[in-house]
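In case you want the letters, here they are:
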Amino acid sequence: MPAYEKEYNGYLFDQLTILDDLQEVAEKENATETLKLISKKRKQVERKLYQQPPLKSE
């Protein structure tokens, strides 16, 4: 588990980058089921990334 919220957010941004790459390939291949799953996973990551309130209070 990451020690700091900033580090944890970095991991989440890395996951979004991976999803962007996968989405690009899935769109080229017209893989509709894969695109649905990517969309679902993107929402899950964004929910963690943009949670309110943040992990720690300032």
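Further up the page is the structure itself.
Residues numbered from 1 in each chain as written. Predicted model: local features only at pLDDT ≥ 70, side-chain atom pairs only at ≥ 80, totals over all residues. Heavy atoms only, no water.

The terminal C-alpha atoms of helix α2 (residues 32–49), which comprises 18 residues, lie 25 Å apart, in line with the 26 Å expected from a rise of 1.5 Å per residue. Residues Ile38, Arg42, Val45 and Leu49 constitute the buried set of α2. Along the long axis of α2, the arc covered by the buried residues comes to 70°, so they all point the same way. For α2, the exposed residues lying more than 90 degrees away from the buried face are Thr32, Glu33, Lys36, Lys43 and Arg47. Elements in contact with the buried residues of α2: α1 (5–28). (Helix = DSSP H or I, 4+ residues; strand = E, 2+ residues; numbered from the N terminus. Expected span 1.5 Å × (residues − 1). Buried < 20%, exposed > 50% of the residue type's maximum accessible area, 1.4 Å probe, protein only. Arc of directions from axis to C-beta. Contact = heavy atoms within 4.5 Å.)

Residue position: Arg42 is located in helix α2. Setting aside anything within four residues of it in sequence, one finds Arg42 in contact with Leu16, Leu19, Asp20 and Gln23.

Turning our eyes to something else, we now look at the pattern of salt bridges. This structure, assessed with the given rule, holds 3 salt bridges. With its nearest N and O atoms 3.0 Å apart, the salt bridge here joins Arg42 to Asp20. Of this pair, Arg42 sits in helix α2 while Asp20 sits in helix α1, and the two are 22 residues apart along the sequence. Lys36 is the salt-bridge partner of Glu33, the closest N and O atoms lying 3.5 Å from each other. Highlighted residues: Glu33 and Lys36, both in helix α2, separated by 3 residues, approximately one helical turn. Lys36 gets classed as exposed once you look at its relative accessible area, which sits at 53%. (Salt bridge = Lys/Arg side-chain N within 4 Å of Asp/Glu carboxyl O.)

The subject of this paragraph is unusual backbone geometry. Residue Asn30 is not a glycine yet carries a positive backbone phi of 55°. The residue Asn30 is located in the loop between α1 and α2 in this model. Take Asn30: its relative accessible area is 62%, and that puts it in the exposed class.

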